[in-house]
Amino acid sequence: MVGLDETRGAPDSKRNHPRSFTRVAFALARRLVFAVVLVLFVVSLAALPSGIKRFSRTQPTEFDVRQYGRFWVQTVSHLARGELGRNVRGIPVIDMAVPMYRRSLALLLLALGMGSVAGVALGVHGSRRAGFRGGGASFAAALGLAGVPDFLLALLAMWGVSAAAGHGVLLPVLSPHRILSAALVLAVFPAGYFARITAASLDAVLKEDYIRTARAKGCGRWAVLRHALRSAAGDIVAALPSQWALLLSNLLVVEFILYWPGAGGGLLRAAFGTTSGGGPDGPLCVGLALFLAVTYVAVDLGATALQAALDPRLRGV
Amino acid sequence: MRHGGLPLYAGVALLALLLALAACGPVFMPQDPTEMHTTRYFAAPDGKLALKTPPFPPSAEFPWGTDYLGRDIMSRFLSGCRYTLLLALGAVLVRFILAVPLGLLATQPALSLLGRLVSGAAALGGAVPTLFVSLIVISVLASFARDIVWSVLVFIGVLGVVGAPRLAEDIRRAGRGIMVQPFIEAAQATGCSAARIAVRHVLPGLVPRLLVAFPLEAANVLGLIGQLGLFGIFIGRSFEMECWVDLAGSGAVFTWFDIRIEPATGEWSSSLAWARRFMRQAPWMFLPAMGGFLAAILGFSFLGEGLRRRLHGGGAA
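## Remarks on the overall build of chain B
Argument step 1. Secondary structure summary: chain B contains 9 helices and 4 strands in total.
Argument step 2. The N-to-C order of helical and strand elements in chain B reads α-β-β-α-α-α-α-α-α-β-β-α-α.
Argument step 3. Sorting the 317 residues of chain B into buried and exposed places 46% on the buried side.
Argument step 4. In chain B, 75% of the contacts between residues at least 6 apart in sequence involve partners at least 24 apart.

So, in structure tokens, the structure goes:
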């Protein structure tokens, strides 16, 4: 993975080098190796529940290394043939995983969209140098938001949704109440984090000489902020992959507690045997984990490309 | 008030309160946190004696109510504060012990392979939800732990290791910013080894960043401990207990269900594990542990943000 700092220090003489084709091929080969390592890593982790021999209330869990090894080999051979195999009930994993993944992706994108818009707005308002009235309150709100644990919010949302629908009333599985409450809960942490990043970056950019010059020339507050936000956008985009990784972790909790039938809750249910009515559903577990991992890699690559689009110094590397 | 002071003071105040609870809490425990109050008789409206089973609501005898086994929640909250904080701080220490040397050495051009390994490990760690990794790995490793000490070590070790690659990558990226400074070039020209440059020249420049990262990592670990608690993963060994009541001394024994309980540390995540199931019937079981987690996470977050604003002057950290 090419990081921001590695590209910034690249001497200009190396750009557009006659041997750039070799460099591109080398970079692609590195990404390919990383992809293979990623798949093996995910399979190794997600296959672990299949090695658990039995869950018992009175005795420690037993882990069978041979059973785990057999399942690992079987899964890798399936993947080498380009398929995910069938789950413990004989249903093709791809048929189960794709609808779950779609529902999770919709939830994640909704949450990230809501979180980033609210976070940037709070951050701009909360920046000390932007000079808005009540900015301190915005920043305090952002700090508070970033600190509230998602599982607390999810439990409160569960209570709220249940109260709104009437206790004991079963909501439809794909009810709008569920996705909206889940997206709101998931959006809270990114909103707080983006607000902090935006405020910190704006405070740093608004100290620069060119901003002072712009103000001296009579630029209005919003014109100055537009320039400053473009500079600060790099920091916000750079935070996207780490936020996505945190969202993935929170997704498991929120989907599980709010009963949203997505890949996160499905992953936990497959690992702990609540989808198959008994032991863990290893193939489904591996399939869902792979889907989520691929999404993270896509977001990481997208963020790198977006950073290059925003910062001309990073282009052509 | 110096700039950035409010979050710092709020964080220090919250953490001071928690540390005081951790140190002196057991002195103020109204009851033994391990004592189970299984049945209570009370006067029903018709004048007859009626039988009531736990969880008991807040009363003069139990100020915050009892849990599902009739143990006093206030006593368990006060007793569990120190264990929860120690667990979190232990995991953060493991993260720092692993990440700081790796991240520092990875900044050195002579060890570029290590740098790539650290970046790759961080990317792999981000691709799989941290909660899922922790749940699975702790479940599997706990099967090899035969006593409570090993369980604690497994718990702390896993929580530390899952966050170490991301922290090492953050340190590496920050360290590379220092590596382009002229004084590093001077040190290289005088023949300093990579390790010496990392320790003597890069590390001092990273100390403010590490000071900020420590409380933020503690908040992160506490959130993870709470999430694990909700899924029934906490410190302790389960065992089976037969619950019964002797109906009004008549000799007719009524057995209702077997239940598993944990050793009586009162660690907050173990309280959460059962409180979720009784959330509607007995919300008092849920509130103290959740309030404790909220105060601790907010305290560490505020402390980290306050330190960042103080040490970095409010700019981008």
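## A look at the overall build of chain A
Argument step 1. Secondary structure summary: chain A contains 12 helices and 2 strands in total.
Argument step 2. Here chain A, with 317 residues, has 43% of them falling under the buried criterion.
Argument step 3. Across chain A, every contact between residues at least 6 apart in sequence was considered, and the portion connecting residues at least 24 apart equals 71%.

## Observations concerning the interface of chain B and chain A
Argument step 1. Contact residues are listed per partner, giving 45 residues for chain B and 47 residues for chain A.
Argument step 2. Those elements that provide at least two residues to the side of chain B that touches chain A are α3 (112-127), α4 (130-142), α5 (148-179), α7 (194-230), β3 (239-246) and α9 (287-311) of chain B.
Argument step 3. For the side of chain B that touches chain A, a count of residues per class yields 25 nonpolar, 14 polar and 6 charged.

## Focus on the confidence of the model for chain B
Residues and elements named next belong to chain B.
Argument step 1. Averaged over all residues, the pLDDT of chain B equals 81, while 83% of them reach at least 70.
Argument step 2. Helix α2 (residues 73-106) holds the highest mean pLDDT among the elements of chain B, 92, whereas strand β4 (residues 253-261) holds the lowest, 40.
Argument step 3. Low pLDDT (under 50) marks residues 238-261, which in the prediction has 32 contacts with non-local residues, meaning those over four places away or in another chain.
Argument step 4. Listed scores for the predicted complex are pTM 0.83 and ipTM 0.80.

## Focus on unusual backbone geometry
Note: most peptide bonds trans; most residues except glycine with negative phi.
All names here are of chain A.
Argument step 1. At Y259, a position not held by glycine, the phi torsion is positive, near 60 degrees.
Argument step 2. You can see Y259 is positioned in the loop between α10 (240-258) and α11 (263-271).
Argument step 3. Take Y259: there are 15 C-beta atoms within 10 Å of it, and that puts it in the partly exposed class.

## A closer look at the nonpolar core
Argument step 1. Among the nonpolar cores identified, the biggest contains 181 residues, and V42(A), A154(A), L186(A), L267(A), L288(A), A289(A) and L222(B) are the most heavily contacted of them.
Argument step 2. Sequence-distant contacts of A154(A), that is, excluding residues within four places in its chain, are made with V185(A), V253(A), V254(A), I257(A) and L258(A).

## A few points about the packing of helix α12 (residues 282-310) of chain A against α3(B)
Argument step 1. Interhelical geometry of α12(A) versus α3(B) gives an angle of 125 degrees and a closest axis separation of 8 Å. Accordingly, the angle class assigned to the pair α12(A) and α3(B) is oblique. Between α12(A) and α3(B), the contacting residues are A293(A), Y296(A), V297(A) and D300(A) on the first element and A123(B), G126(B) and A127(B) on the second.
Argument step 2. Taken together, the residues that form the contact of α12(A) with α3(B) break down as 5 nonpolar, 1 polar and 1 charged.

## Structural notes on the environment of L145(A)
Residues and elements named next belong to chain A.
Argument step 1. The topology assignment puts L145 in helix α5 (residues 135-147).
Argument step 2. Taking the C-alpha atoms as reference, L145 lies 43 Å from D64; in sequence the two are 81 residues apart.
Argument step 3. Beyond its immediate chain neighbours, meaning those up to four positions away, L145 contacts V188, A191 and G192.

## What to know about the packing of helix α2 (residues 20-46) of chain A against α3(B)
Argument step 1. α3(B) packs onto α2(A) with a crossing angle of 50 degrees between their chain directions and a minimal axis gap of 10 Å. The angle between α2(A) and α3(B) places the two elements in the oblique class. Here α2(A) and α3(B) pass one another in a crossing that is right-handed. Contacts between α2(A) and α3(B) pair F34(A), L38(A), F41(A) and V42(A) from the former with G120(B), L124(B) and A127(B) from the latter.
Argument step 2. Here the contact of α2(A) with α3(B) is composed, by residue class, of 6 nonpolar, 1 polar and no charged.

## A closer look at the confidence of the model for chain A
Argument step 1. In this model, chain A carries an average pLDDT of 79, and 82% of its residues clear a pLDDT of 70 or more.
Argument step 2. Mean pLDDT in chain A bottoms out at helix α1 (residues 4-8) of chain A, which sits at 43, and peaks at helix α3 (residues 65-80) of chain A, which reaches 91.

## Here's the deal with helix α7 (residues 176-205) of chain A
All names here are of chain A.
Argument step 1. Taking 1.5 Å per residue, 30 residues should reach 44 Å; α7 reaches 41 Å between its end C-alpha atoms and fits that length.
Argument step 2. At A187, α7 is bent by approximately 30 degrees, the largest bend along its length, and proline P190 sits one to four residues beyond.
Argument step 3. With 25 of 30 residues buried, α7 is to be regarded as a mostly interior element.

## A word on the environment of L14(B)
Residue and element names in this part refer to chain B.
Argument step 1. Within the fold, L14 resides in helix α1 (residues 5-24).
Argument step 2. Distance from L14 to N220, taken between C-alpha atoms, is 17 Å for residues 206 residues apart in sequence.
Argument step 3. Apart from residues lying up to four places away in sequence, L14 is in contact with A295, L298, G299 and F302.

## What about α2(B)?
Argument step 1. With 34 residues, α2(B) should reach 50 Å at 1.5 Å per residue; the first-to-last C-alpha distance of 47 Å fits that figure.
Argument step 2. Maximum bend of α2(B): about 35 degrees, positioned at G80(B).

## Some words on the environment of E305(B)
Argument step 1. Here E305(B) is to be found in helix α9.
Argument step 2. Aside from chain neighbours lying at most four places away, what touches E305(B) is L143(A), R196(A) and P7(B).

Reading guide: rules and limits
- Residues numbered from 1 in each chain as written.
- Chains lettered and ligands numbered in written order.
- Predicted model: local features only at pLDDT ≥ 70, side-chain atom pairs only at ≥ 80, totals over all residues.
- Helix = DSSP H or I, 4+ residues; strand = E, 2+ residues; numbered from the N terminus.
- Buried ≥ 20, exposed ≤ 12 C-beta atoms within 10 Å, placed from the backbone.
- Contact = placed C-beta atoms within 7 Å.
- Nonpolar A, V, L, I, M, F, W, Y, C, P; charged D, E, K, R; others polar.
- pLDDT = per-residue confidence, 0-100.
- Core = buried A, V, L, I, M, F, W, Y, C linked by C-beta atoms within 7 Å.
- Axes fitted to C-alpha atoms, helices over the stretch in contact; angles between N-to-C directions.
- Parallel < 35°, antiparallel > 145°, perpendicular 65-115°, else oblique.
- Left-handed = near helix turned anticlockwise from the far one by under 90°.
- Expected span 1.5 Å × (residues − 1).
- Bend = angle between axes of the 7 residues up to and from the residue.

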